[in-house]
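# Structural description and commentary
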Amino acid sequence: MSAKQVRVALTRKLPAPVEARLSDLFDAVLHSADAPLSPAALIERARDADVLAPTLGDRLDAAFFEAAGERLRLVANFGAGIDHIDVAAANARGITVTNTPSVLAEDAADMAMALILAVPRRLVEGVRALETGQFHGWSPTWMLGRRVRGKKLGIIGLGRVGEAIARRAKAFGLSIHYHNRTPINPHIEEELGATYWDSLDQMLARVDIVSVNCPHTPATFHLLSRRRLELLQPQAYVVNVSRGEIVDEDALAEMIEGGRLAGAGLDVYERGAPSEKLLKAPNVVLLPHMASATVESRIEMGERMIINIKMFADGHKPPDRVILGLDDGRLPKAG
């Protein structure tokens, strides 16, 4: 089968250059609406495709793969995270799953650093004060935040994104602390001036800002549980641009509301959107999952996805196959 005969079905509208390239190379079935397909429509689209190109809004569980039929051979995910795909169920039916790693690190790190600066300095509160007429001139005691330089940043999961954040944070004068299953390369650790903590609990008790940068797995669900959040100092902040399910969102909102934590900057949420508790909490900066929302990153994601599809169409193993059980030691410890 030539590449042009390979039917690739998209589940969302993608950037125009990506769709044009897909249409040029393959028998591409585009999705004109920028909205997710229903579960039934998703199955229908998969049954008539060799390759399905889903996004994180599409749930591909065991039931989906059972109903997807015999034609589907590749799931080329548009994105790095694959917790919405039952990879084991796909593999059991002979379906390969790929993702697009390594293209989001810099943009995600930019957003995390923006939140690390915005929350302690109360930037969003300041904007709201101007918009609502609360600002009546400079005051020595009004809108006081916290200095960032000299603070301790604790990174949970020092992988690609975590390392990119550490490099930015070091330039702003923060000291770098991190928790992984195993330490990173000693040369990188020395370059960052980073301190490794084998115990997540001990690190949390000593840092001023926590940055969540690990994937969502069964082992990392509510990794920042109420118990662990209570280990943080009252002047500490939580930043998350990774996955919302890693943080106990209700506990976080309650602790901020009660003065047990100073604030939070979040781009992801446990239930997909901010809870009412979070929306009402003081000193939180809430963003609509936009850490990777740059023209450059979305086009690079598409290019990476296309490489995987092209390799598959040519009879080769795609470079970004998701391999179950692969662990580089940078995930946090469970428990």
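Details of the structure are given in the entry above.
Residues numbered from 1 in each chain as written. Predicted model: local features only at pLDDT ≥ 70, side-chain atom pairs only at ≥ 80, totals over all residues. Heavy atoms only, no water.

## Section: the pattern of salt bridges
By the definition in use, this model includes 23 salt bridges. A salt bridge links Asp34 to Arg12; the nearest nitrogen and oxygen atoms lie 3.3 Å apart. Of this pair, Asp34 sits in the loop between β2 (27-29) and α2 (39-47) while Arg12 sits in the loop between β1 (7-10) and α1 (16-25), and the two are 22 residues apart along the sequence. Residues Asp50 and Arg71 are paired through a salt bridge, measuring 3.2 Å at the closest nitrogen-oxygen approach. Here Asp50, found in the loop between α2 and β3 (51-53), pairs with Arg71, found in the loop between α3 (62-67) and β4 (74-76); they are 21 residues apart in sequence, far enough to count as distant. Look at Asp50 and you get buried, because its relative accessible area is 8%. Residue classification places Arg71 among the partly exposed positions, given a relative accessible area of 31%. When salt bridges with common partners are traced through the structure, they connect Arg7, Asp27, Asp48, Asp50 and Arg71 into a single cluster. (Salt bridge = Lys/Arg side-chain N within 4 Å of Asp/Glu carboxyl O. Helix = DSSP H or I, 4+ residues; strand = E, 2+ residues; numbered from the N terminus. Buried < 20%, exposed > 50% of the residue type's maximum accessible area, 1.4 Å probe, protein only.)

## Quick notes on the side chain of His84
Structurally, His84 is set in the loop between β4 and α4 (87-92). Separated by 3.2 Å, the side chain of His84 and the backbone oxygen of Thr55 make a polar contact. Among all residues touching His84, those that are not within four sequence positions of it are Thr55, Leu56, Asp58, Arg59, Leu60 and Asn77. (Polar contact = N/O pair within 3.5 Å; in protein donor to acceptor, adjacent residues only side chain to side chain. Contact = heavy atoms within 4.5 Å.)

## Some words on the packing of aromatic side chains
Tallied over the entire structure, the rule returns three aromatic pairs. Between Phe64 and Phe65, the aromatic rings sit 5.1 Å apart at their centres with planes inclined by 80 degrees, giving edge-to-face as the arrangement. With 5.2 Å between their ring centres and 50 degrees between their planes, Tyr178 and Tyr196 make a pair best called tilted. Placement of Tyr178 in strand β7 (residues 175-179) and of Tyr196 in strand β8 (residues 195-196) is noted, with a sequence separation of 18 residues between them. (Phe/Tyr/Trp six-rings, centres within 6.5 Å; stacked < 30°, edge-to-face > 60°.)

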